[in-house]
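For reference, the chains in residue letters:
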Amino acid sequence: MRHLLTGARLFTGDVLLDDHALLLAGTDILDIVPAVASVAGAARVPLPEGSLLAPGFIDTQVNGGGGVLFNDTPTTAGALAIAAAHRRFGTTALLPTVITDDLDTMMAAAEAAAEAAAVPGSGIIGVHLEGPFLNPTRRGVHKEAHIRRPNGVDLDRLSALPRHFGDLGRVLLTLAPEQVDDGDIARLVRAGLILAGGHSAASHERTQAALRAGLRGFTHLFNAMPPISNRTPGIALAAMTAKDAWCGLIVDGVHVHPDLLALALAAKPRGKMMLVTDAMPPTGTDATTFTLYGERIHRHDGRLVTDDGVLAGADIDMAQAVRNAMRLLGVELEEALRMASLYPARFLGMDGRLGQLAAGFQADLVLLDTQQRVLGTWVAGQRDGAASPA
């Protein structure tokens, strides 16, 4: 069945278009046509006047949502529930994220994500393993007992993971460059993993060496990293000056001062900064607490914190991140939308299929009102639907 979506402005990922319509055929975008065009065999779907149809949001760091924490529920059903919770906020593709845990739990989560990615319309496009090869001095809320350097068994098991996903998804691993040798970084990259630096106190020089070995990006820039100083600029400055590396930004007004994020945006080439949520189970719920590693986490004033005040993820969704990028950082609408879709697609190497409205791309879409609030989503051509296992 073909559908012609009419009445909304279109943002293609490149330009804004008035008086055009989007033609869908099954799971894919077939064409962009003039709004007055008559397309034989296509059902016209009128959209609200003044609305904007854009590529669906892509989030590479999602710990939970809808009351589910992926660490606690490392199952196919858990991954699907998290994706369903974030869909209402415009995220049509995501990497369920498991933070530092015992390796069996992390591997089970990765395998569950691979099963979820095979479910048509799931919105699961891989997995993010945030740890366990982190610097314990920069662990944040991560459990120190599980933090360590990789051994041969770890490298073998991790190297096998991309085969579980095939073309359906990516395996993103966050590591501290000072905890992993360059040869092991290169091996993991050759196996098909995407590596990001984070939870690290690596020097500027060590980070640059890791970039040469294959490090591709940086997880939640400035968080769980030492501050930049004049003689020891460290990993954060290396991230800002690495022209070919991507950086994830949590734009919630809590994790990083907005002016520092604006400075980072000015320093990086356009297209290398992407929005992430680092969302936790409360997203999509009214919950005021949840449990992480057996410890109560409190939700109040836009923060998720332990009893000791340590941040434990972020209380934000991707539509809010887009609005915050505009309000707090002065980013134009089109660029904020690219930071939530096109740029993460490029980081993952999936920009031939996701992140744009163009013929042949998957019909992952978000419909926004004039205040960038979500009116609806499509995942693989299916409107507002939540996938379930066959």
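Residues numbered from 1 in each chain as written. Predicted model: local features only at pLDDT ≥ 70, side-chain atom pairs only at ≥ 80, totals over all residues. Heavy atoms only, no water.

Draft legend 1. View of the packing of aromatic side chains. Under the criterion given, the structure shown has one aromatic pair. One Lys or Arg, lysine 272, reaches over the ring of tryptophan 246 and ends 3.3 Å from the middle of that ring. (Phe/Tyr/Trp six-rings, centres within 6.5 Å; stacked < 30°, edge-to-face > 60°. Lys NZ or Arg CZ within 6 Å of the ring centre and 35° of its normal.)

Draft legend 2. Main features of the pairing of strand β22 (residues 374–379). Pairing of strand β21 (residues 365–368) with β22, which is carried by four bridges, proceeds in the antiparallel orientation. When the bridges of β22 are listed, valine 366 appears paired with threonine 377. Linkage of β21 to β22, two consecutive antiparallel strands, is achieved through a turn of five residues, within which glutamine 372 is found at a positive phi near 60°. In this structure, β22 lies alongside strand β23 (residues 382–383), joined through two bridges in antiparallel fashion. When the bridges of β23 are listed, valine 379 appears paired with glutamine 382. Linking two consecutive strands that pair antiparallel, namely β22 and β23, is a turn of two residues; a positive phi of about 50° is found at alanine 380 within it. (Pairing = 2+ DSSP bridges. Helix = DSSP H or I, 4+ residues; strand = E, 2+ residues; numbered from the N terminus.)

Draft legend 3. The arrangement of the pattern of salt bridges in detail. Summed over the entire model, instances satisfying the criterion amount to 13 salt bridges. A salt bridge links glutamate 335 to arginine 270; the nearest nitrogen and oxygen atoms lie 2.9 Å apart. One end of the pair, glutamate 335, is in helix α9 (residues 333–340); the other, arginine 270, is in the loop between α7 (258–267) and β17 (273–275), and 65 residues separate them in sequence. Exposure remark for glutamate 335: the relative accessible area of 11% places this residue in the buried category. Overall, the relative accessible area of 63% leaves arginine 270 in the exposed class. Put simply, aspartate 315 and arginine 299 hold a salt bridge, and the shortest N to O gap is 3.0 Å. A residue pair is termed long-range when its members are at least 10 positions apart, and aspartate 315 in the loop between β20 (303–305) and α8 (318–329) and arginine 299 in strand β19 (residues 295–300) qualify at 16 residues. Linked by salt bridges that have partners in common, Arg270, Glu335 and Arg338 make up one network. (Salt bridge = Lys/Arg side-chain N within 4 Å of Asp/Glu carboxyl O. Buried < 20%, exposed > 50% of the residue type's maximum accessible area, 1.4 Å probe, protein only.)

Draft legend 4. Looking closely at the nonpolar core. Ranked by internal contacts, the top residues of the largest apolar core, which has 94 residues, are Phe57, Ile124, Leu129, Leu221, Leu275 and Leu337. Tallying contributions element by element places helix α2 (residues 103–117) first for this core, with nine residues. The contacts of leucine 129, once residues within four sequence positions are left out, are Val98, Met106, Ala110, Leu158, Leu161, Leu172, Leu173 and Thr174. Membership of the second largest hydrophobic core comes to 14 residues, among which are Leu22, Leu24, Ala363 and Trp378. (Core = buried A, V, L, I, M, F, W, Y, C linked by side-chain atoms within 4.5 Å. Contact = heavy atoms within 4.5 Å.)

Draft legend 5. Layout of unusual backbone geometry. Cis geometry is adopted by the peptide bond preceding proline 132, which originates at glycine 131 and carries an omega value of 10°. Looking at the secondary structure, you find proline 132 in the loop between β12 (126–130) and α3 (152–165). Positive phi, close to 55°, is recorded for tyrosine 293, a residue that is not glycine. Within the element layout of this structure, tyrosine 293 appears in the loop between β18 (289–292) and β19. The residue alanine 380 is not glycine, and still its phi comes out positive at about 50°. Structurally, alanine 380 can be placed in the loop between β22 and β23. Among the residues examined, alanine 380 registers a relative accessible area of 16% and is labelled buried.

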